[in-house]
Amino acid sequence: MSKQSDIKTLHEQYVMPTYAPGLALVKGRGATVWDADGNKYLDFLAGIAVTNVGHCHPRLVRAIRRQAGRLMHVSNLFYNTLQPRLAEALSKRSLGGKCFFCNSGAEANEALIKLARLWGHTQGRYEIITMRNSFHGRTLATLTATGQAKVQKGFEPLPAGFVLADYNDLASVQAAVNDKTVAILVEAVQGEGGVRPARPDFIKGLAELCRRKNLLLFFDEVQCGVGRTGRWFGYQRYDVEPDAFSLAKGLGGGFPIGAIVTSPKLADVFQPGNHATTFGGTPLACAAALAVMDIIEDERLLDNARVMGEAFMESLKKVAAKYPFIREVRGAGLMVGLVLNQPAKELEALLRKHGLIALATADTVIRFLPPLNIRTADVRKAARIVDKACAEWLTQLAKPGPDDQSARFKHLKLNRD
Ligand SMILES: *Cc1c(COP(=O)(O)O)cnc(C)c1O
């Protein structure tokens, strides 16, 4: 028996089956990970946009080790030296207001939701407009904000106060506004929703609508923030200034931390007693996030994300032209989607077989989220693996099988455009 199957057996006995994991990974370095049986993979998922400076970056490891030996946690009943420094680093790179720290993306979005409600309370406004195909987390409020029925099913009754509109469709958002509306929450690039960047006219329109109707404009930057799109934050690709945004995933480079960052307008809406968290913004978490931000700056990873993202998309487009089942390559920076005209799970498995980790999302999209310090050689290698896996898939699809795969292939060819 392989070591991986031992791990799997123990896991299945004692861990709730909320996921169906594939590999048992035991070691990582940069953009490479190893499984328990010694197989090596190029990691173009980065823990779903989390290990943005690569696995075990020496500076990040050193910062965490050092702080762990000095002071890990004091609670927010005490000042700690690193929390205000991290807040300053985030504020100065964005909205110029204040931050609240928590531990995850869902919690960060909860904080945005509570902030909007408290701000709108005296006017009796509480409804938040979110987008179809969005993803905002798995708590009751954030799964209600999430525009996907599959995450809500079975958990009804859902909390009140959320209204859905269509992403990239300004008229549908306008139609959703009423006298109870307090805020609009949007992703600059929908990640789970299939790597869909927002159109500039849509974001501009939202900002204009918010100004006219006195609504708050919030961005969920949990996945597309912290350098992922080649800017510090995804909204900075557009000429708008939101009222606040949420962060998590990449902020700690693998250490759990979430945050909201506000403009000065909302900086003092929360007062003592309004919102709280035991773990948010511990010295240890802040040391990790500060190290991540220093690394991004010192190693010029925003530029790297832009340049490598473009290079990767260019090579994928060349690959795409060869295969009838690829519909489109889209993305922003190092958030890249390969859009198929059929379910992507089989291709995800073939990529893995050839040593590349990426994730099928929104059913028909392969999502690539490599670390922001990825190099040209690895980008080329990943594109070669995609080509190889697609070639193998094409052969499989063309082969007449027991479930009549050839019929499927004919259907594919017809659907080419
Ligand atoms: C992952 C994600 C979340 C949820 O973050 P958790 O840390 O899993 O709670 C929220 N919004 C977006 C855009 C995400 O990608």
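Now for a description of the structure that goes with this document. (Residues numbered from 1 in each chain as written. Predicted model: local features only at pLDDT ≥ 70, side-chain atom pairs only at ≥ 80, totals over all residues. Heavy atoms only, no water.)

A word on the pattern of salt bridges
Moving on, step 1. Counted by the stated rule, this structure contains 18 salt bridges.
Moving on, step 2. Residue Arg59 is joined to Asp298 by a salt bridge in which the shortest nitrogen-to-oxygen separation is 2.9 Å. Remark: Asp298 occurs in helix α10 (residues 283–298) and Arg59 occurs in helix α3 (residues 58–68); sequence separation between them is 239 residues.
Moving on, step 3. Look at Asp298 and you get exposed, because its relative accessible area is 52%.
Moving on, step 4. Between Lys353 and Glu392 there is a salt bridge, with the nearest N and O atoms lying 2.3 Å from each other. Taken together, the positions of Lys353 in helix α12 (residues 345–353) and Glu392 in helix α13 (residues 376–398) put the pair 39 residues apart, joining distant regions of the chain.
Moving on, step 5. Of the residues examined, Glu392 reaches a relative accessible area of 21% and is grouped as partly exposed.
Moving on, step 6. One network of salt bridges, in which partners are shared, links Arg300, Asp303 and Arg306. (Salt bridge = Lys/Arg side-chain N within 4 Å of Asp/Glu carboxyl O. Helix = DSSP H or I, 4+ residues; strand = E, 2+ residues; numbered from the N terminus. Buried < 20%, exposed > 50% of the residue type's maximum accessible area, 1.4 Å probe, protein only.)

Overview of empty space enclosed by the protein
Moving on, step 1. The full count for this structure, using the stated rule, is one cavity of 30 Å³ or more.
Moving on, step 2. The computed volume of the largest cavity comes to approximately 30 Å³.
Moving on, step 3. Surrounding the largest cavity, His73, Val74, Ser75, Asn76, Asn80, Gln83, Thr278, Gly280, Gly281, Thr282 and Pro283 form its lining.
Moving on, step 4. Here the residues of the lining of the largest cavity sort into two nonpolar, nine polar and no charged. (1 Å grid on protein atoms, 1.4 Å probe; cavity = no way out; pocket = protein on both sides within 12 Å on 5 of 7 lines; lining within 4 Å. Points joined across faces, edges and corners; volume = space filled by probe spheres on them. Nonpolar A, V, L, I, M, F, W, Y, C, P; charged D, E, K, R; others polar.)

Details of the packing of aromatic side chains
Moving on, step 1. Scanning the model with the defined rule gives eleven aromatic pairs in all.
Moving on, step 2. Aromatic pair Phe44 and Phe312: ring centres 5.2 Å apart, planes at 65°, arrangement edge-to-face. You can see Phe44 sitting in the loop between β3 (40–43) and α2 (46–49) and its partner Phe312 sitting in helix α11 (residues 301–320), a full 268 residues away along the chain. The two residues Phe44 and Phe312 agree in class, both being buried.
Moving on, step 3. Geometrically, the ring pair formed by Phe233 and Phe245 is tilted, given 4.7 Å between the ring centres and 40° between the ring planes. (Phe/Tyr/Trp six-rings, centres within 6.5 Å; stacked < 30°, edge-to-face > 60°.)

Describing the side chain of Arg367
Moving on, step 1. For Arg367, the location among the structural elements is in strand β17 (residues 365–368).
Moving on, step 2. Here the side chain of Arg367 touches Glu192 through a polar contact of 3.1 Å, side chain to side chain.
Moving on, step 3. Here Arg367 is in contact with Phe44, Ile48, Gly191, Glu192, Val195, Gln223, Val336, Ala358, Leu359 and Thr361, once residues within four sequence places are set aside. (Polar contact = N/O pair within 3.5 Å; in protein donor to acceptor, adjacent residues only side chain to side chain. Contact = heavy atoms within 4.5 Å.)

Some words on α12
Moving on, step 1. Taken as a whole, α12 has its buried residues at Leu347, Glu348, Leu350 and Leu351. Angular distribution of buried residues about the axis of α12 spans 165°; they occupy a single face of the element. Exposed and facing more than 90 degrees away from the buried side of α12 are Lys345 and Lys353.
Moving on, step 2. Where α12 is buried, its residues touch β14 (335–340), β15 (356–357), β16 (359–361), β17 and α13.
Moving on, step 3. Within two residues after α12, Gly355 carries a phi angle of roughly 95°, on the positive side. (Arc of directions from axis to C-beta.)

Looking at the site of the ligand
Moving on, step 1. Every residue near the ligand is listed here: Ser104, Gly105, Ala106, Asn109, Phe135, His136, Gly137, Glu187, Asp220, Val222, Gln223 and Lys249.
Moving on, step 2. Between the ligand and Asp220, the relevant distance is 2.7 Å, taken from a nitrogen atom to a side-chain nitrogen or oxygen of the residue.
Moving on, step 3. Lys249 is positioned with one of its side-chain polar atoms (N or O) 2.6 Å from an oxygen atom of the ligand.
Moving on, step 4. For the ligand, whose free accessible area comes to 380 Å², the fraction covered by protein is 81%.
Moving on, step 5. For the shell around the ligand, the leading source of residues is helix α5 (residues 105–120), giving three residues. (Near = heavy atom within 4 Å. Areas by Shrake-Rupley, 256 points an atom, 1.4 Å probe, with all protein chains shown as cover.)

Focus on the layout of surface pockets
If a probe as big as a water molecule is rolled over the atoms, it shows which places are left empty.
Moving on, step 1. Volume-wise, the second largest pocket comes out at about 900 Å³.
Moving on, step 2. Surrounding the second largest pocket, 30 residues form its lining, Asn76, Gln83, Cys99, Phe100 and Phe101 being those nearest its centre.
Moving on, step 3. Elements that contribute at least two residues to the lining of the second largest pocket include exactly α4 (82–92), β4 (99–102) and β12 (258–262).
Moving on, step 4. Ranked by residue count, the leading element in the lining of the second largest pocket is α4, at five residues.
Moving on, step 5. Taken together, the residues that form the lining of the second largest pocket break down as 15 nonpolar, twelve polar and three charged.

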